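# Summary of structural features
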Amino acid sequence: MADAGAAPDLSPVLHAPLAHDSAKKHVAGEALYIDDLPEPAGLLHIHVGQSARAHARIIRLDLSAVRAAPGVVCVLTSADVPGRNDISPIAGDDPMFPEGVVRYVGQPLFAVAAETQPKARAAAALAVIEYEDMPALLTIEAALAANSILEDRQTMRLGDARAEIAAAQHNLSGRLAIGGQDHFYLEGQVALVIPGEDGDLHVWSSTQNPTETQHLIARCLGLRDHAVVVEVRRMGGGFGGKETQSVHYAAIAALAATRTGRPAKCRLDRDDDMVMTGKRHAFVTDWQVGFDHAGRLAGAAFELASRCGHSADLSIAINDRAMFHSDNAYALQTAEIISHRTRTNTVSDTAFRGFGGPQGMMGIERAMDAMAWSLGKDPMDVRLANLYGVSGDLTPYGQTVTDSVSYELMTELERSCDYRARRLAIQAWNADNAHLKRGLALTPVKFGISFTANHLNQAGALVHVYTDGSIHLNHGGTEMGQGLNVKVAAVVADVFKVPLAAVKISATRTDKVPNTSATAASSGSDLNGMAAFNAARAIKARLTDYAAREFGCAPEDVTFSPSGVTAGDTALSFTELVRRAYFARISLSANGFYRTPEIHYDRARHQGRPFYYYAYGAACSEVAIDTLTGENKVTRVDILHDVGRSLNPAVDAGQIEGGFIQGMGWLTTEELVFDAEGRLRTHAPSNYKIPTAGDRPDAFTVRLWDRGENAVETIHRSKAVGEPPLMLAISVFSALTDAVASVAEHQILPRLDAPATPERILAAVMDVRTRKALGVAGHV
Amino acid sequence: MGRPIRFLLDGEVREIAEVDPTLTVLHWLRYDLRRTGTKEGCAEGDCGACTVVLGELDGAGVRFRAVNACILFVPMLDGRALFTVESLKRDGELHPVQRAMVENHASQCGFCTPGFVMSLYAHQRSGAATDTATLKDALAGNLCRCTGYGPILAAGQAMGADPQAGDLEALAMALMGIQPTERLELLHRGRRFLAPRTVAELAAAVQQYPHATILAGGTDVGLWVTKQHRVLSTVISLNEVEALRSIDDLGGAIRIGAGVRYVDAHPILGEIHPSFGELMRRLGGLPVRNLGTVCGNIANGSPIGDMPPALIAAGATLVLRSGAETRNLPLEDYFLAYGRQDRQAGEFVEAVIVPRVPPNRIFKIFKLSKRLDQDISALCAGISVGLEDGIVRDARIAFGGMAATPKRATALEAALAGRPWTEGGISAALGALDLDFRPIDDMRASAGYRLQAAKNLILRAVLETTHDTPRVLDLEAVGHG
């Protein structure tokens with residue numbers, strides 16, 4: 001590479017807008033996803049037979065016709081699971097195949113492994129299943145009424161919020177229902193398993209969590225962890241949907257491979273994927289606030305209830321994060337946050353970008369609008385008055401916010417997007433237009449960074465330097481499109497001051513870096529970047545010591561630069577130094593480890609410092625609605641986001657824009673509809689509508705905050721970026737609410753739930769008009 | 001039996017003699033050829049991850065169309081050139097479209113990327129405009145869950161002109177070299193695929209196999225295979241009947257043949273009335289419009305097809321053929337009940353005749369859906385009103401999504417007659433819609449919304465004619481028009 005005679009590439013790799021490492025392969029169709037890998041001889045294809053009922057006893061499960069069908073090699077049920085029949089990450093409540101009772105429509109009941117996929121599917125249809133229905137709890141309300149919960153309700157308190165609210169000059173309350181969201185990663189769940197000697201298994205899985213996949217497969221099959229290797233080169237999108245839910249299908253394929261001794265692939269088609277896999281949790285939030293004439297909070301109370309589905313999955317932590325983010329960016333002064341986690345007969349809901357945070361923030365943002373309108377103020381002013389750093393710094397969970405830049409971000413964005421003038425222009429426009437209304441909102445995001453399960457805040461990496469100067473990089477994080485690999489590779493290249501091309505990014509494998517955490521919680525580059533940095537620095541330290549000895553200088557006089565290495569008076573290329581170090585028997589391989597410092601949390605009291613730091617951003621959205629049909633359009637978006645000192649501004653801008661549009665979909669067009677029998681009716685893109693190019697407003701600006709720098713010592717002072725931007729889209733929901741409220745001059749608080757489909761917007765408009773006509777006092 | 005399917009892939013002639021007649025091109029590419037760049041995202045033509053490009057002889061030139069390989073049957077490649085994402089690199093170098101995608105950071109997870117590349121490739125080869133609005137339309141059939149689309153649109157604007165424009169003549173020659181002279185007839189394990197080349201051949205085939213599946217673009221029939229997993233025993237394609245691909249100007253009306261795709265009907269229908277143009281812009285994504293036909297949208301009898309309400313309002317007539325006999329019937333009479341149409345065994349839809357909208361008539365089409373682009377309508381309305389001195393003389397109003405079939409609102413039509421075409425004038429008539437329809441709740445909308453919005457659309461039609469009220473879709477940010 002650098003020695004090939006060409007001029008060395010001296011361009012910096014850190015903080016540079018480098019292309020995604022796979023970009024050239026993506027555009028050429030050469031990036032390999034699991035279903036693209038050459039199929040091994042004898043491969044079996046799996047189709048998963050599903051429960052047709054939401055809650056029922058299995059009276060009869062006759063699979064004889066399935067077994068006898070053409071091409072079928074084996075049929076798997078719970079009786080075939082040699083180890084523990086459980087694929088749950090934590091709670092032990094999620095069987096690979098249920099025994100006796102099914103708990104949601106789409107639950108895997110058995111699996112067919114056949115010579116071809118169509119044969120497996122056709123065979124599965126021959127199953128004779130008799131159910132005895134049991135009462136099914138499908139909604140939050142039904143589950144609460146039946147006291148069907150995953151754990152006791154959780155409460156987080158700061159002061160005596162109830163008393164402060166009651167004593168305040170004003171108080172308001174309301175209820176907001178928030179729908180779930182399908183991940184709609186473009187690549188569905190897929191795993192390929194090849195059995196080896198001694199019962200060992202090599203698993204290719206599209207998963208954010210190779211280690212957990214390894215551990216759970218081993219547990220299901222009664223193997224030791226060391227018998228299973230899980231490999232992930234890339235996912236065609238994850239968004240949290242492959243943090244735990246991928247394990248089920250990898251485990252089924254592993255079971256088939258173990259039972260037959262043949263390779264097996266399990267790939268869900270889109271409809272099966274959407275029916276069988278968990279989603280973002282639906283929530284119902286009751287909110288109550290007390291505040292003064294100036295719009296400053298005296299206290300806030302939230303009662304959150306979520307639909308978790310039939311098992312716990314990650315719901316406990318997700319609902320905890322909803323509680324942590326009920327304050328969003330605001331000092332609530334006093335707070336009471338109650339959380340109910342309902343167990344329902346629906347698919348087990350799971351991680352999804354933001355992990356409960358987005359739902360948590362919705363209540364306080366609705367309250368901010370309500371407070372402002374009730375006082376005749378601009379919501380922007382009420383938001384500013386209540387920010388951390390403006391009106392206080394203590395969170396409801398006892399962490400002090402010391403790094404808030406919300407005020408700076410919001411006021412800078414306010415100026416740059418001309419918020420005040422546009423507010424006036426919209427007021428004037430609305431006064432002139434009876435049937436179309438515009439809305440505007442500028443909302444902040446503050447998002448806590450760290451896994452709230454403390455032990456997950458660790459990472460490992462493995463770096464090899466070869467004698468030709470090329471570098472092999474492996475770390476525990478997984479690439480799902482977020483640009484993690486190019487960021488980490490840049491960190492390593494920068495340590496040695498070599499071109500990015502000298503660093504080979506390799507597939508994540510459990511036999512290279514063990515016991516890793518899921519790539520989740522936006523932590524990928526914070527954790528793995530630091531672990532890889534530590535590994536690379538270990539090798540660099542050995543090279544430095546060697547060079548100092550070899551060339552007779554102090555270690556401080558050994559410097560690495562893009563043009564090579566100097567040791568005292570000696571200059572040589574990096575490759576030459578490496579070659580010499582090899583002959584001097586210096587180890588050129590190292591692993592690196594990192595754990596996040598300073599964090600702690602006492603879950604029993606819901607107090608502590610769960611977050612190492614916070615990520616911040618702000619967005620201003622402008623919308624228009626048709627009050628006759630509820631049709632709506634986002635007409636302009638301006639975003640200012642703090643990513644600290646960006647490791648890669650191009651990747652970060654992509655995360656921000658993509659996260660925003662995904663959040664906009666969640667709050668507008670993406671509606672999950674379950675029928676009265678618990679069947680998901682929106683299980684394909686024909687009727688589940690994620691945003692298209694046409695939904696992105698032409699007026700769309702994304703700016704990284706140029707003063708951004710992480711206050712704590714993260715990798716090169718960067719900040720996590722994966723999740724926080726999704727919640728910037730709450731500005732769209734708030735702007736839509738603003739547009740609806742304008743039909744009654746903001747005198748009546750709209751009852752607009754999410755997603756704000758045309759139907760919900762029309763209903764909210766009609767409701768506001770009705771209440772206005774009746775003279776009902778509005779802000780309650 | 002007969003000759004093989006013959007087409008071009010990467011400029012090379014490919015022949016397939018033996019194939020499952022409803023094997024999709026996607027499946028064939030991925031699992032038979034192991035050309036895995038083309039991805040499956042949904043298998044129903046809604047996500048575009050499987051987008052490939054077809055080159056088709058068009059006079060002496062070549063027409064390029066982005067299509068969904070997931071719902072395209074292999075025999076439909078006959079006589080055409082197929083391009084996949086693997087076709088684009090030249091001498092190991094990325095194609096300008098691919099380079100623009102890389103330079104604009106337009107891929108993240110990369111799974112949808114080959115589909116976007118192919119949509120942009122077709123766009124470039126077609127010489128289409130690269131303003132944002134045109135690009136958004138061209139890409140509405142491609143879903144990306146990662147980028148938010150901005151970088152992809154930027155790539156579309158940066159990709160430049162077709163670098164292979166010089167190869168067009170050679171491609172046209174190659175296509176001429178494989179144009180079939182005889183009809184395609186495949187037999188595969190007792191299943192049959194027929195592609196007649198004349199109307200007479202087609203009519204005879206439909207008579208011979210009266211229960212055959214008649215295939216036009218396959219944007220509906222494809223899903224019977226990929227979603228319902230149906231095994232179609234006999235398929236008769238009308239795609240190769242050139243006479244059915246014609247649009248004839250009859251003076252006061254136009255006649256759209258059964259083989260006319262949406263994309264080809266779009267300009268003339270837009271000319272009949274701009275409202276038609278906007279409806280067609282929002283009908284499916286471009287890859288669907290590149291395959292699907294106007295008559296197919298009618299023939300399948302879906303209660304939520306976008307075309308029928310508008311065509312019924314326009315007073316369209318359907319032409320059905322059985323053998324040498326044809327009969328015409330008012331389009332609204334074709335739809336008998338859910339899943340049942342007035343089409344006899346041995347009969348097929350040959351054309352639809354659409355009268356021009358007289359300039360003095362009020363003509364409006366509305367489509368309501370959760371997403372503006374590429375969504376199935378919750379509700380579709382076609383409204384045609386004749387006024388005399390501001391008074392409604394007659395009204396033809398049809399709705400889709402309100403009943404088991406596309407249907408006229410006869411009670412409303414009667415109630416409107418004689419009333420002033422004003423907000424106040426029509427309001428008392430709207431209650432008649434309750435007599436016309438009892439819509440259902442489903443995943444697209446509730447019955448209540450459908451009924452309320454249907455009434456409001458009549459009001460909106462009035463406002464658009466009396467107050468020039470714009471549609472929300474047409475609004476830009478405040479201060480930008």
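Along each chain, residues carry numbers from 1 onward, in the same order as the chain's sequence is written. To read the labels, note that chains go from A and ligands from 1, taken in the order they are written. Per-residue local features of the predicted model are confined to residues with pLDDT of at least 70, and side-chain atom pairs are confined, for both listing and counting, to 80 or more; whole-chain, interface and lining totals are unaffected and use all residues.

### Side note on the overall build of chain B
The condition that has to hold: Strands here are runs of E lasting at least two residues and helices are runs of H or I lasting at least four, both read from the DSSP assignment and numbered beginning at the N terminus. Both definitions apply: the radius of gyration is a C-alpha atom measure, and the globule rule equals 2.2 Å times residues to the power 0.38. Think of it as a crowd count around each C-beta: if 20 or more other C-beta atoms lie within 10 Å the residue is buried, if 12 or fewer it is exposed, and in between it is partly exposed, with C-beta placed from the backbone throughout. This entry defines residue contacts through backbone-placed C-beta atoms, with two residues in contact when those atoms are within 7 Å.
Broken down by element type, chain B carries 18 helices and 20 strands. The C-alpha atoms of chain B give a radius of gyration of 23 Å, which matches the 23 Å a tight globule of 481 residues would have. Each principal axis of the C-alpha distribution contributes one length, and for chain B these read about 70 × 60 × 40 Å. Put simply, chain B has 481 residues, and 56% of those count as buried. A sequence separation of at least 24 residues applies to 67% of the contacts in chain B between residues at least 6 apart.

### Notes on the overall build of chain A
Of the regular secondary structure elements, chain A holds 19 helices and 29 strands. Nonlocal contacts in chain A, meaning residues at least 24 apart in sequence, comprise 81% of its contacts between residues at least 6 apart.

### Some remarks on the interface of chain B and chain A
This is how the line gets drawn: Charged residues are taken to be Asp, Glu, Lys and Arg, nonpolar residues to be Ala, Val, Leu, Ile, Met, Phe, Trp, Tyr, Cys and Pro, and polar residues to be all remaining types, Gly included.
Contacts between the two partners involve 72 residues from chain B and, on the opposite side, 74 residues from chain A. Where the side of chain B that touches chain A is concerned, the elements lending two or more residues are helix H2 (96–103), helix H3 (113–125), helix H4 (132–139), helix H5 (150–158) and helix H18 (447–466) of chain B. Its residues placed into classes, the side of chain B that touches chain A shows 37 nonpolar, 22 polar and 13 charged.

### Examining the sheet that holds strand S16 (residues 436–449) of chain A
Residues and elements named next belong to chain A. Basically, it comes down to this: We call two strands paired when DSSP finds no fewer than two bridges between them. Note on geometry: axes are lines fitted to C-alpha atoms, helical ones only across the stretch in contact, with angles between N-to-C directions running from 0 to 180 degrees.
The four strands lie next to each other as S16-S27-S28-S29, forming an open sheet whose pairing is mixed. Two strands close off the open sheet at either side, each with one partner strand: S16 and strand S29 (699–704). Going across the sheet, the axis of each strand differs from the next one's by a mean of 15 degrees, ignoring polarity. Both strand S27 (residues 613–626) and strand S28 (residues 632–642) contribute to a ladder of ten bridges, which runs antiparallel. The partner of Gly617 across the bridge, within S28, is His641.

### What about the domain arrangement of chain B?
All names here are of chain B. To keep it simple, the criterion reads: Each domain's limits were defined by an automated method or a database of domain assignments.
With domains assigned, chain B is organised as domain 1 (5–177), domain 2 (184–243) and domain 3 (358–481). A separation of 25 Å is found between the C-alpha centroids of domain 1 and domain 2. Tallying the contact residues gives 17 residues for domain 1 and 17 residues for domain 2. Among the residues forming the side of domain 1 that touches domain 2, the class breakdown is ten nonpolar, three polar and four charged.

### Some remarks on helix H15 (residues 524–551) of chain A
Because each turn of an α-helix spans 3.6 residues, side chains separated by three or four positions in sequence point in the same direction. As a reminder of what qualifies: For a helix, the expected span equals 1.5 Å multiplied by the residue count minus one.
Here H15(A) spans 39 Å end to end across 28 residues, near enough to the 40 Å set by a 1.5 Å rise per residue. Positive backbone phi, at 65 degrees, marks A:Gly552, one or two positions downstream of H15(A).

### Brief notes about the packing of helix H10 (residues 357–375) of chain A against helix H18 (residues 730–741) of chain A
Each pair of packed helices can be summarised by the angle the axes make with each other and by the distance between the axes. Residue and element names in this part refer to chain A. The line we're drawing: We call a crossing left-handed when the near helix sits turned anticlockwise from the far one by less than a right angle, and right-handed when that turn is clockwise.
In the contact formed by H10 and H18, the axes pass within 11 Å of each other and the chain directions differ by 35 degrees. Judged by the sense of rotation from one axis to the other, the crossing of H10 with H18 is right-handed. Here Met361, Met362, Glu365, Asp369 and Trp373 of H10 lie close against H18, whose contacting residues are Ile730, Ser734, Thr737, Asp738 and Ala741. Residues belonging to the contact of H10 with H18 are distributed by class as follows: five nonpolar, two polar and three charged.

### Things to note about helix H14 (residues 484–496) of chain A
All names here are of chain A. Here H14 is 13 residues long and its end C-alpha atoms lie 19 Å apart, about the 18 Å a rise of 1.5 Å per residue gives. The buried fraction of H14 is high, at 13 of 13 residues. Where H14 terminates, the next one or two residues include Lys497, which has phi positive at roughly 55 degrees.

### Focus: the pairing of strand S1 (residues 44–50) of chain A
Residues and elements named next belong to chain A. Taken across its seven residues, S1 has seven buried, putting it largely inside the fold. In S1, alternate side chains face the same way, and those of Leu44, Ile46, Val48 and Gln50 on one face and His45, His47 and Gly49 on the other are all buried. As paired strands, S1 and strand S12 (residues 264–267) are joined by three bridges and run parallel to one another. Looking at the pairing, Leu44 lines up with Ala264 of S12. Two elements, S1 and strand S5 (residues 108–114), share six bridges in a ladder whose sense is antiparallel. By the bridge assignment for S5, Gln50 is matched with Pro108.

### Observations regarding the packing of H14(A) against H15(A)
All names here are of chain A. To be explicit about the condition: What sets the label is the angle itself: under 35 degrees gives roughly parallel, over 145 gives roughly antiparallel, 65 to 115 gives roughly perpendicular, and the rest give oblique.
Orientation of H14 relative to H15, taken along the N-to-C sense of each, is 25 degrees, at an axis distance of 9 Å. By the angle class used here, H14 and H15 are roughly parallel. Crossing hand, H14 versus H15: right-handed. Contacts from Leu484, Lys487, Val488, Val491, Val492, Val495 and Phe496 in H14 reach Gly524, Ser525, Asn528, Gly529, Ala532, Phe533, Ala536, Arg537 and Lys540 in H15. Here the residues of the contact of H14 with H15 are counted per class, giving nine nonpolar, four polar and three charged.

### Quick word on unusual backbone geometry
Residues and elements named next belong to chain A. Between Ala754 and Pro755 the backbone carries a cis peptide bond, its omega angle lying at 0 degrees. By the secondary structure assignment, Pro755 is in the loop between H18 and helix H19 (758–774). The backbone phi angle of Phe239 is positive, close to 60 degrees, even though this residue is not glycine.

### Describing the pairing of strand S18 (residues 379–388) of chain B
Residue and element names in this part refer to chain B. Of all ten residues making up S18, seven are buried, and the element is well covered by its neighbours. Bridge analysis of strand S17 (residues 362–368) against S18 gives seven bridges, and the strand direction is antiparallel. Each bridged residue has a counterpart across the sheet, and for Lys367 the counterpart in S18 is Cys380. The turn joining S18 and strand S19 (residues 391–400), which pair antiparallel and follow one another in sequence, is formed by two residues; a positive phi near 55 degrees is taken by Asp389.

### Digging into the nonpolar core
Residues and elements named next belong to chain A. Operational definition: Any set of buried Ala, Val, Leu, Ile, Met, Phe, Trp, Tyr and Cys residues joined through C-beta atoms within 7 Å is what this text calls a nonpolar core.
Core analysis: the largest hydrophobic core is formed by 409 residues, its most contacted members being Ile46, Ile252, Ala253 and Val492. Tallying contributions element by element places H15 first for this core, with eleven residues. Beyond its immediate chain neighbours, meaning those up to four positions away, Val492 contacts Val463, Ile471, Leu473, Val503, Ala532 and Ala536.

### Points about the sheet that holds strand S24 (residues 589–595) of chain A
Strand pairing in a sheet relies on backbone hydrogen bonds. The paired strands run either parallel or antiparallel. Residues and elements named next belong to chain A. Strand order in the open sheet made by the four strands is S19-S18-S17-S24, with mixed pairing throughout. Edge strands, defined here as strands with exactly one partner in the open sheet, are strand S19 (503–505) and S24. Each strand of the sheet is rotated relative to its neighbour by a mean of 25 degrees, with strand direction disregarded. The strands that H15 touches are strand S17 (458–465), strand S18 (471–475) and S24; relative to S24, the one it contacts most, it runs at about 140 degrees.

### Observations concerning the confidence of the model for chain B
Our working definition: Residue-level confidence of the predictor is what pLDDT reports, using numbers from 0 through 100.
This prediction gives chain B a mean pLDDT of 96; 99% of its residues lie at or above 70. Reported confidence for the predicted complex is 0.97 by ipTM and 0.97 by pTM.

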